[in-house]
There are 2 protein chains.
Amino acid sequence: MSDSKFVSLDDTLQRHIPPEELREVKRILYGREDDHPLTFSEEATSLAKEVGVELKGYVFTARKEDLRRPRIVRVGLIQNSVDIPTTAPIHVQRDALHEKVSNILRVASAAGVNVICFQEAWTMPFAFCTREKFPWCEFAEDAESGPTTKLMKELAKQYNMVIISPILERDPNHNDTLWNTAVVISNNGNYMGKHRKNHIPRVGDFNESTYYYESDTGHPVFETQFGRIAINICYGRHHPQNWMMFGLNGAEIVFNPSATIGALSEPLWSIEARNAAIANSYFTVAINRVGTEVFPNEFTSANGQPAHKDFGPFYGSSYVAAPDGSRTPSLSRDKDGLLVAEMDLNLCRQVKDFWGFPMTQRLPLYAESLAKVVRSDYKPQLVREN
Amino acid sequence: MSDSKFVSLDDTLQRHIPPEELREVKRILYGREDDHPLTFSEEATSLAKEVGVELKGYVFTARKEDLRRPRIVRVGLIQNSVDIPTTAPIHVQRDALHEKVSNILRVASAAGVNVICFQEAWTMPFAFCTREKFPWCEFAEDAESGPTTKLMKELAKQYNMVIISPILERDPNHNDTLWNTAVVISNNGNYMGKHRKNHIPRVGDFNESTYYYESDTGHPVFETQFGRIAINICYGRHHPQNWMMFGLNGAEIVFNPSATIGALSEPLWSIEARNAAIANSYFTVAINRVGTEVFPNEFTSANGQPAHKDFGPFYGSSYVAAPDGSRTPSLSRDKDGLLVAEMDLNLCRQVKDFWGFPMTQRLPLYAESLAKVVRSDYKPQLVREN
């Protein structure tokens with residue numbers, strides 16, 4: 001690595017800023033002076049090397065309580081590229097991703113992960129930029145009984161791990177509709193349920209409203225053996241009220257499986273999931289993919305530029321944020337990675353007690369205000385000079 | 001300044017990171033590679049020196065439109081310390097702050113500022129840490145006709161500047177109640193109205209619920225000659241739905257006059273107002289005070305530490321964030337400062353059109369959800385394993 005080449009924010013800070021100042025920078029940027037790295041077993045680190053995945057881990061602690069024991073869980077996230085050409089047969093592409101992620105799951109198991117989440121639509125390239133229906137719709141599968149869920153049920157049971165598997169869903173019980181869906185599988189290998197993406201983008205290369213509609217699944221929170229978890233899929237991270245409802249339903253960890261690129265959103269990436277962790281006193285897990293996906297036919301990006309076959313790299317940079325506003329460094333911007341965060345879930349209620357956001361939230365005011373806003377005859381509260 | 005001493009994040013980045021890498025760091029951290037500094041007249045810069053205030057300026061542009069002219073305004077914020085001892089008579093303390101801020105307003109006028117906002121409760125030390133009622137309640141004054149509003153009406157007219165003046169309010173028409181209030185004065189020197197703090201903290205040294213209650217003024221947006229503005233006072237920045245309602249009422253710029261200290265909130269400071277700018281497609285102006293305020297009698301901070309007469313420095317770091325997620329660097333952590341942001345308000349609607357957050361916000365879903373949540377028999381949407 002050249003000394004003057006930008007690779008990532010963390011790398012640049014680490015290389016150039018003297019240790020003492022770096023502690024203050026990290027306190028302000030990441031909410032703690034030290035990264036609190038998690039140490040893994042020799043088995044986990046050598047397996048990570050073998051599989052070819054960057055393994056990083058960090059610890060979040062909480063104060064000891066008298067009446068509750070610590071509730072320590074290890075949460076994992078996987079960011080990865082799609083290596084096989086998008087021209088390969090659909091089943092070949094899907095099986096290659098199954099294999100890659102299954103290998104990383106072995107590392108996660110060795111690293112003691114209890115709950116893991118993959119990136120959005122992880123079994124396929126993010127082909128919605130093309131606006132083509134075929135062959136991409138073939139990636140859709142049944143949430144409860146499709147090949148991906150079948151495989152993940154086996155692995156969840158084998159590894160005693162809760163798996164959140166975000167896929168393109170086909171619902172055969174409702175006229176073959178497509179959905180952008182996260183499937184939740186318990187550590188016993190049982191299908192627990194699913195959540196569908198609440199907010200669908202129509203921006204730049206993210207033409208997803210061409211393929212599927214806004215969710216009809218509300219804001220479910222899944223009560224797993226390792227804590228209460230929820231999923232805010234991708235573009236839903238831009239909507240604070242989406243994050244809020246998962247909190248009001250009791251979530252302690254909210255995953256944000258995403259697929260997003262640099263020019264569009266990189267400066268927002270470190271802000272939104274972290275703000276959600278602060279505002280809702282829960283942990284958030286922000287997951288993006290890496291790599292550049294090249295499609296067979298050219299497409300345009302609605303930005304005045306000529307047609308092309310790819311829209312540039314996904315920037316990875318996945319991270320975990322805590323309810324006290326602290327966060328981990330990011331995974332790389334370009335490499336497959338497994339991030340493991342060990343967290344004491346007791347921190348959520350402790351932060352609620354300390355900051356008092358639930359108490360001071362004034363939900364009745366906002367319930368009343370929103371009920372007025374949605375009326376077609378709503379008049380904004382404007383004050384004019386007399 | 002020693003070469004290894006931490007003064008601020010911006011200073012450390014500037015001193016240690018090579019220019020080319022710094023551009024990438026700034027792109028990721030601040031949403032743009034270059035700060036886009038604003039150049040001031042010789043008059044403004046020499047006046048700033050004379051007055052003893054750090055003057056910084058930045059520009060936010062928007063694309064040219066065919067049907068609308070650019071709507072360029074200069075927005076100012078003032079962060080300042082309270083220099084006079086808190087043992088001085090109340091009127092002496094207040095008059096000293098009147099004088100200091102009036103002097104900075106001269107600089108703002110020379111810098112072409114159209115709309116300006118001061119820090120929270122700017123006419124007084126932030127004495128709520130003491131939990132003493134006397135003599136601090138004496139700082140409260142009538143929002144419409146108190147001495148501060150009188151003075152600011154004169155200056156607003158003189159400088160053709162909209163002034164947002166956050167004070168401790170006494171309401172004589174409602175049984176002498178106290179409020180934490182922002183008064184809005186038009187550039188014609190007229191009282192336009194007021195907004196009272198919507199969310200009141202009960203955390204650490206911020207015992208404000210001891211003094212005043214949650215607002216009864218809703219989420220007003222003031223339609224000034226220089227754009228539609230609103231005020232989210234201090235702790236209200238932790239509540240995304242508070243920010244949201246100002247946006248739904250049409251705000252283009254939302255000011256967040258604050259008083260907050262390092263140990264409590266410094267890592268959150270750069271996140272919350274900026275997230276609000278992104279989520280609501282408007283500009284936000286985050287204002288904190290500087291300096292350490294020492295009180296006559298000792299008090300405790302509810303953190304197990306011994307009693308003391310101050311709770312450490314306010315960290316300043318005021319900044320402006322834009323609807324596209326970009327932001328200015330911060331003012332210093334310890335010096336009086338005037339930050340001026342020149343912005344084209346057309347950017348707000350352009351960002352709404354581009355990202356589509358208003359369209360994809362699903363307000364009816366949240367109106368319905370919140371109406372259920374506030375019922376005492378609400379059952380969270382929990383999914384359990386069968």
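As the structure is a prediction and not an experimental result, all values here were calculated from the model.

**Q** Which residues make up the interface of chain A and chain B, and what are the values?
**A** Between chain A and chain B, the contact holds 88 residues from the first and 88 residues from the second. For the pairing of chain A and chain B, the buried interface totals around 8100 Å² over both sides, and the portion due to carbon and sulfur atoms is 64%. For the pair chain A and chain B, the interface holds 6 salt bridges. With a closest N to O distance of 2.5 Å, E223 of chain B and R384 of chain A form a salt bridge. Between chain A and chain B we count 52 residue pairs in polar contact (both at pLDDT 80 or more) in total. The leading source of residues in the side of chain A that touches chain B is helix α7 (residues 262-280) of chain A, at 13 residues. Classifying every residue of the side of chain A that touches chain B by side-chain character gives 42 nonpolar, 28 polar and 18 charged.

**Q** I'd like a description of the confidence of the model for chain A, backed by residues and values.
**A** Summarising the model, chain A shows a mean pLDDT of 97, and 99% of its residues fall at 70 or more. For chain A, per-element mean pLDDT is lowest for strand β8 (residues 206-207) of chain A, which scores 92, and highest for strand β3 (residues 115-117) of chain A, which scores 99.

**Q** How would you sum up the sheet that holds strand β15 (residues 319-321) of chain B? Please name residues and give values.
**A** Taken together, 6 strands build an open sheet; the order of strands is β17(A)-β9(B)-β10(B)-β11(B)-β12(B)-β15(B) and the sheet is mixed. Lying at the two open borders of the sheet, with one neighbouring strand each, are β17 (382-384) of chain A together with β15 of chain B. Going from strand to strand, the sheet's axes swing by 25° on average, the running direction of each strand aside. Lying on the sheet, helix α6 (residues 240-248) of chain B is in contact with β9 (221-224), β10 (227-231), β11 (253-257) and β12 (283-287) of chain B; it crosses β11 of chain B at an angle near 145°. Contacting β11, β12 and β15 of chain B, helix α7 (residues 262-280) of chain B runs over the sheet at an angle of about 35° to β15 of chain B.

**Q** Provide a residue-level description of the environment of D324 of chain B, including the pertinent values.
**A** Secondary-structure assignment places D324 of chain B in the loop between β15 and β16 (337-344). Residue classification places D324 of chain B among the partly exposed positions, given a relative accessible area of 38%. Sequence separation between D324 of chain B and V351 of chain B is 27 residues, and the spatial gap between their C-alpha atoms is 6.2 Å. Setting aside residues up to four positions removed in sequence, D324 of chain B forms contacts with L268 of chain A together with L347 and V351 of chain B. Of the polar contacts made by the side chain of D324 of chain B, one reaches the side chain of S326 of chain B; its length is 2.7 Å.

Conventions and cut-offs
- Residues numbered from 1 in each chain as written.
- Chains lettered and ligands numbered in written order.
- Predicted model: local features only at pLDDT ≥ 70, side-chain atom pairs only at ≥ 80, totals over all residues.
- Heavy atoms only, no water.
- Contact = heavy atoms within 4.5 Å.
- Buried area = accessible area lost by both parts, 1.4 Å probe.
- Salt bridge = Lys/Arg side-chain N within 4 Å of Asp/Glu carboxyl O.
- Polar contact = N/O pair within 3.5 Å; in protein donor to acceptor, adjacent residues only side chain to side chain.
- Helix = DSSP H or I, 4+ residues; strand = E, 2+ residues; numbered from the N terminus.
- Nonpolar A, V, L, I, M, F, W, Y, C, P; charged D, E, K, R; others polar.
- pLDDT = per-residue confidence, 0-100.
- Pairing = 2+ DSSP bridges.
- Axes fitted to C-alpha atoms, helices over the stretch in contact; angles between N-to-C directions.
- Buried < 20%, exposed > 50% of the residue type's maximum accessible area, 1.4 Å probe, protein only.

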